[in-house]
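Spelled out from the first residue to the last, the chains are:
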Amino acid sequence: MAITLHYFDLYARGETSRIILHYNGTEFTDHRISFEEWPNLRDNGFSEFSELPQMEIDNLKLVQSHCISRYLCQKFGYVPKNHIDEYYVESICDLKEDIYRHFANLTFSGNFEQLEEDMQETAMPWWLRKIEARLVRNQNGDGWFVGSNPTRADFEIFQLIYDYLICNEKENTYKMMLETNAPKVKAFVKRFLEGSPRVAGYLSTRPVCFF
Ligand SMILES: N[C@@H](CCC(=O)N[C@@H](CS)C(=O)NCC(=O)O)C(=O)O
């Protein structure tokens, strides 16, 4: 099985799938497309919806980031056990999408003052408390987000917290905010990393991205 993930040199909508593949120990080609190369590829039908990410598995081409990460989780068995658990997985993943869009819009609009205020004082602390409450609902917050095995919820939330609040020295800025609003989520991220040397190894050597 040959897997290639085509995406920009960003975390954003590609990183959860990269993390799932590393977590599972599945070899893949991490094809990072430059912003200069992209218009030509897009205009020549490189991906079905003219967007990235796109994942190729042998002759299959998959698009839409959440559908790709969901496909990987299903393929590797990181799936909820019943419909209600599936609801808990999908709803926290949708919340992550809301958070991602909010901060992506601020980042790409260049409104960095508002971005920092929302990150440190308003929107992010508020969302973190919601995520904390969801985690605590299952096994008092000392396990996975849903049930007793990893699901897409864990990969998506791990990526959100790690990439936007911890990595690349961000911890210096957001440590107290994360600890105050979501102590169990913070512990979850630590536990996730300790439990996956493959992901920890990847994160310590991956290219540094701004978003
Ligand atoms: N809903 C899509 C959104 C994809 C998307 O917005 N991709 C952006 C990068 S994050 C893109 O391809 N931008 C380049 C373009 O639109 O030309 C997904 O989740 O995959």
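From a predicted model like this one, the values you see are computed outputs, not experimental measurements.

Cut-offs used in this document
- Residues numbered from 1 in each chain as written.
- Predicted model: local features only at pLDDT ≥ 70, side-chain atom pairs only at ≥ 80, totals over all residues.
- Heavy atoms only, no water.
- 1 Å grid on protein atoms, 1.4 Å probe; cavity = no way out; pocket = protein on both sides within 12 Å on 5 of 7 lines; lining within 4 Å.
- Points joined across faces, edges and corners; volume = space filled by probe spheres on them.
- Helix = DSSP H or I, 4+ residues; strand = E, 2+ residues; numbered from the N terminus.
- Nonpolar A, V, L, I, M, F, W, Y, C, P; charged D, E, K, R; others polar.
- Domains from an automatic or database assignment.
- Near = heavy atom within 4 Å.
- Polar contact = N/O pair within 3.5 Å; in protein donor to acceptor, adjacent residues only side chain to side chain.
- Areas by Shrake-Rupley, 256 points an atom, 1.4 Å probe, with all protein chains shown as cover.
- Disulfide = S-S within 2.5 Å.
- Buried < 20%, exposed > 50% of the residue type's maximum accessible area, 1.4 Å probe, protein only.
- Phe/Tyr/Trp six-rings, centres within 6.5 Å; stacked < 30°, edge-to-face > 60°.
- Lys NZ or Arg CZ within 6 Å of the ring centre and 35° of its normal.
- Expected span 1.5 Å × (residues − 1).
- Arc of directions from axis to C-beta.
- Contact = heavy atoms within 4.5 Å.
- UniProt positions renumbered as here; feature names shortened; annotations may be inferred.

A few points about empty space enclosed by the protein
- As enumerated under the stated definition, the model contains 2 cavities of 30 Å³ or more in all.
- If you trace the largest cavity, you find 14 residues lining it, with Ala12, Arg13, His66, Lys96 and Glu156 closest to the centre.
- Of all the secondary-structure elements, those providing two or more residues to the lining of the largest cavity are helix H1 (15–24), helix H3 (65–76), helix H4 (83–109) and helix H7 (152–166).
- Of the residues contributing to the lining of the largest cavity, the split by class is 2 nonpolar, 7 polar and 5 charged.
- Counting contributing residues, the lining of the largest cavity receives three or more from each of domain 1 (3–76) and domain 2 (83–195).
- When its volume is computed, the second largest cavity comes out at roughly 30 Å³.

Here's the deal with the site of the ligand
- Taken together, Tyr7, Phe8, Arg13, Trp38, Arg42, Glu51, Leu52, Pro53, Gln64 and Ser65 make up all the residues around the ligand.
- Between the ligand and serine 65 there is a distance of 2.5 Å, counted from an oxygen atom to a side-chain nitrogen or oxygen.
- Relative to its unbound accessible surface of 510 Å², the ligand loses 72% to contact with the protein.
- For the shell around the ligand, the secondary structure elements donating two or more residues are strand S1 (3–8) and helix H2 (38–43).
- A breakdown of the residues in the shell around the ligand according to their chemical character gives 5 nonpolar, 2 polar and 3 charged.

Focus: the state of the cysteines
- Overall, the coordinates contain 0 disulfides when judged by the stated rule.
- Of all cysteine sulfurs, the one in cysteine 93 lies closest to cysteine 73, which takes part in no disulfide; the gap is 8.0 Å.
- For cysteine 73, a relative accessible area of 3% puts it in the buried group.

A short note on the layout of surface pockets
- Here the largest pocket is characterised by a volume of approximately 240 Å³.
- Thr107, Leu115, Met119, Tyr164 and Phe211 are, among the 15 residues lining the largest pocket, the residues nearest its centre.
- Split by residue class, the lining of the largest pocket holds 12 nonpolar, 1 polar and 2 charged.

Describing the packing of aromatic side chains
- Counted according to the given criterion, the structure contains 22 aromatic pairs.
- Note on tyrosine 23 and phenylalanine 155: the rings are 5.1 Å apart at their centroids and 80 degrees apart in plane angle, and the pair reads as edge-to-face. Note that tyrosine 23 is positioned in helix H1 and phenylalanine 155 in helix H7, a separation of 132 residues in sequence. Considered together, tyrosine 23 and phenylalanine 155 belong to a single accessibility category, that of buried residues.
- Ring centres of tyrosine 23 and phenylalanine 192 lie 5.4 Å apart, and the angle between their planes is 40 degrees; on these two criteria the pair is classed as tilted. On the criterion of sequence distance, the pair formed by tyrosine 23 in helix H1 and phenylalanine 192 in helix H9 (residues 183–195) is long-range, its members being 169 residues apart.
- You can call tyrosine 23 buried: its relative accessible area is 15%.
- Here phenylalanine 192 falls in the buried class, since its relative accessible area comes to 3%.
- Directly above the ring of tyrosine 88 sits arginine 137, whose terminal nitrogen or CZ lies 3.5 Å from the centroid.

Structural notes on H3
- With 12 residues, H3 should cover 16 Å at 1.5 Å per step; its first-to-last C-alpha distance of 17 Å lies within 8% of that length.
- The set of residues buried in H3 consists of Ser65, Ile68, Ser69, Leu72, Cys73 and Phe76. In a view along the axis of H3, the buried residues occupy a sector of 135 degrees, so they form one face of it.
- Check the buried side of H3 and you find it contacts H1, strand S3 (54–57), strand S4 (60–63) and H7.

Description of the UniProt feature "domain: GST N-terminal" (unreviewed entry) in the protein
- If you check UniProt for "domain: GST N-terminal" (unreviewed entry), the listed places come out as residues 1–80 in our numbering.
- As a span, residues 1–80 carries 35% helix and 24% strand, and end to end its C-alpha atoms are 25 Å apart.

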